[in-house]
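Residue-level structure breakdown
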Amino acid sequence: MQSLFLIFISAFLVNNIVLMRFLGLCPWLGTSNSLGSAIGMSVAVIFVMLLSSSVTWIIYNFLLLPMGLVYLRTMVFVLVIGALVQFIDLFLKKNRPALYKSLGIYIPLMATNCIILGAAFLIIDYNYNFIQSIVFTLGVSLGFMLAMIMLSSVRERIDTADIPPSLRGAPIAFITASLMSLAFLGFSGLFGL
Amino acid sequence: MIARRINVWKHFSDGVTTNNPVLVLMLGLCSVIAVSTNALSALGMGIAFTFVMVCSNVLISVVRNVTPDTIRIPVFIIIISTFVTITDYVLQAFMPVIHSQLGIFLPLIAINCIVFGRAESFASKNKPVASLFDGLGIGIGFTIVIFLMGAIREILGNGTICGKMVLGKAFAASPIAFMILPPGGFLVIAFLIGMKNWLSNKGEK
């Protein structure tokens, strides 16, 4: 139980996926213009990631590992995640139109989201069992949500500030990210992680 | 013949300058910031990326006429991840140190938006030779930026470049350590993009 809590805190704060591991920077910068789209994107990430991590864990441990096909993992993971995203997209469109209306535009972006594939690889690297990998995924995706909400709140204020023309847009967002990441460095060493 | 040569050169130089994947299109930023903690591993990432970019561009361009339009994305995925797997295993066998520094960012080349973008917008519409030079230009443009970032961060954060001391003993004893840590990566890319914006604004005036 204690180790599960540590895995969660490590993925959520200490090794925050965006600010410490630099995964998922494209959607982080691309959809953080307003708080609404930031929350929509993060919820879509949580939803898709929980599914994709379980599926890739099962495929890796019950198919690739016993059959000695580990070298195919990059190709298999990309294809499986791509197919899964397509499936979720169609399923939501048909059965949950209300949910599709709010999350629909973010779902196709998931196929090339490096957080999803990155988490699948990290779970293999860390040798997690199924429960641990679910807790890890939850930590990673909530960490993404935290970073998303923080950046979008700051950006709504930056929009009205007077910034040198060369630094408008992405550069100032990166400077913000740098300061946030500096703050997150303070979490390292928490619980000996 | 001369016209063709100019054309090929243009494909190449566009990738390095006006179409630079990192500074202009702002794609593939994750790996640029993550593995640029020192100049050598940044160079390793640049070379691995260029290899995947060139090979997949050429192969996609060779098979472009026999690939039905509806299944082109899965075909791209299979071709690109094949070359990523080859690079992964070759690096693991011959350069284990660089391989461990690149970590999961090596397999993540497989879904890099730059590689996909060029496959979709260039290689699937052009001849193999043009695709080769396009891939080479994009790859070298990426390598220059990532190496520059690695060098800046290593000099400021460690006082060395490729392991050699450059700023003297006094600086190396107390360097700006945060440049090697994650915040430094965000700061350096912010100022590199800002500098490129400043230069292009100045050029327009």
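Each remark here, short or long, concerns the structure printed above.
First, a word on scope: everything that follows refers to the structure included in this document. Just so you know, these numbers come straight off a predicted model, no measurement behind them.

It is worth spelling out the overall build of chain B at this point. On a plain count of helices and strands, chain B comes out with 9 helices and 2 strands. Along chain B, helices (α) and strands (β) appear in the sequence α-α-α-α-α-α-α-β-β-α-α when read from the amino end. Here the C-alpha radius of gyration of chain B, 18 Å, is about what a compact globule of 205 residues would show, namely 17 Å. Dimensions of chain B, computed from C-alpha atoms along their principal axes, come out at roughly 60 × 50 × 30 Å. Going through the 205 residues of chain B one by one, you find that 48% of them count as buried. If you take every contact in chain B between residues at least 6 apart in sequence, the share linking residues at least 24 apart comes to 73%. Here chain B has roughly 9,600 Å² of accessible surface; of this, 72% comes from carbon and sulfur atoms. Charge-centre separation for chain B: the mean point of 14 positive side chains lies 7 Å from the mean point of 7 negative side chains.

The next thing to look at is the overall build of chain A. Helix and strand content of chain A: 8 helices and 0 strands. Reading the secondary structure of chain A in the N-to-C direction produces α-α-α-α-α-α-α-α. Since a compact globule built from 193 residues should have a radius of gyration of about 16 Å, the 18 Å found for chain A is in line with a globular shape. Structurally, chain A occupies a C-alpha span of about 60 × 45 × 30 Å along its principal axes. A buried classification covers 53% of the 193 residues belonging to chain A. Intrachain contacts of chain A at a sequence separation of at least 6 include 77% that bridge at least 24 residues. On chain A, roughly 8,700 Å² of surface is accessible, and the fraction owed to carbon and sulfur atoms is 69%. Taken as two groups, the 9 positive and 5 negative side-chain charges of chain A have centres that lie 10 Å from each other.

Residues and elements named next belong to chain A. Direction vectors running N to C along helix 7 (residues 130-158) and helix 8 (residues 170-185) enclose 135°, while the axes themselves pass 11 Å from each other. As judged from the angle between their axes, helix 7 and helix 8 are oblique. Every pair of crossing elements has a handedness; the one defined by helix 7 and helix 8 is right-handed. Seen from helix 7, the contacting residues are Leu146, Met150, Leu151, Val154, Arg155 and Ile158; seen from helix 8, they are Ile172, Ala173, Thr176, Met180 and Phe184.

This part takes up the environment of Met49(A). Positionally, Met49(A) belongs in helix 3 (residues 35-64). Remark: the alpha-carbon pair of Met49(A) and Arg96(A), spanning 47 residues in sequence, is separated by 19 Å.

With respect to the helices and strands, the residue Ser131(B) is situated in helix 7 (residues 128-158). Non-local contacts of Ser131(B), meaning those with residues more than four positions away in its chain, are made with Asn57(B), Ser61(B), Phe122(B), Ala123(B) and Asn126(B).

This paragraph deals with the pattern of salt bridges. All names here are of chain B. Going through the model one piece at a time under the given rule, you end up with 4 salt bridges over all chains. Across the salt bridge formed by Asp69 and Arg72, the nearest N and O atoms sit 3.9 Å from each other. Linked by salt bridges that have partners in common, Asp69, Arg72 and Glu120 make up one network.

Our focus in this paragraph is the interface of chain B and chain A. Each side of the interface is counted separately: chain B has 35 residues, and chain A has 38 residues. Of the roughly 3,000 Å² buried between chain B and chain A on both sides combined, carbon and sulfur atoms contribute 81%. If you sort the residues of chain B by the area they bury against chain A, Ile104(B), Ile111(B) and Phe186(B) come out on top, with a joint share of 23%. The salt bridge involving Arg73(A) is made with Asp88(B); its shortest N-O contact spans 3.9 Å. Applying the counting criterion to the chain B and chain A interface returns 2 residue pairs in polar contact (both at pLDDT 80 or more). Where the side of chain B that touches chain A is concerned, the elements lending two or more residues are helix 2 (29-34), helix 4 (72-94) and helix 9 (182-204) of chain B. Among the elements that make up the side of chain B that touches chain A, the one with the highest residue count is helix 9 of chain B (12 residues).

Looking now at the nonpolar core. The biggest cluster of nonpolar side chains holds 113 residues, and the ones touching the most others in it are Trp28(A) and Phe174(A). Among residues more than four places away in sequence, those in contact with Phe174(A) are Leu29(A), Leu29(B), Ile33(B), Phe186(B), Ile189(B), Ala190(B) and Ile193(B).

Thresholds, definitions, all that
Residues numbered from 1 in each chain as written. Chains lettered and ligands numbered in written order. Predicted model: local features only at pLDDT ≥ 70, side-chain atom pairs only at ≥ 80, totals over all residues. Heavy atoms only, no water. Helix = DSSP H or I, 4+ residues; strand = E, 2+ residues; numbered from the N terminus. Rg over C-alpha atoms; globule rule 2.2 N^0.38 Å. Buried < 20%, exposed > 50% of the residue type's maximum accessible area, 1.4 Å probe, protein only. Contact = heavy atoms within 4.5 Å. Areas by Shrake-Rupley, 256 points an atom, 1.4 Å probe, with all protein chains shown as cover. Lys, Arg positive; Asp, Glu negative; His and termini not counted. Charge placed at Lys NZ, Arg CZ, Asp CG, Glu CD. Axes fitted to C-alpha atoms, helices over the stretch in contact; angles between N-to-C directions. Parallel < 35°, antiparallel > 145°, perpendicular 65-115°, else oblique. Left-handed = near helix turned anticlockwise from the far one by under 90°. Salt bridge = Lys/Arg side-chain N within 4 Å of Asp/Glu carboxyl O. Buried area = accessible area lost by both parts, 1.4 Å probe. Polar contact = N/O pair within 3.5 Å; in protein donor to acceptor, adjacent residues only side chain to side chain. Core = buried A, V, L, I, M, F, W, Y, C linked by side-chain atoms within 4.5 Å.

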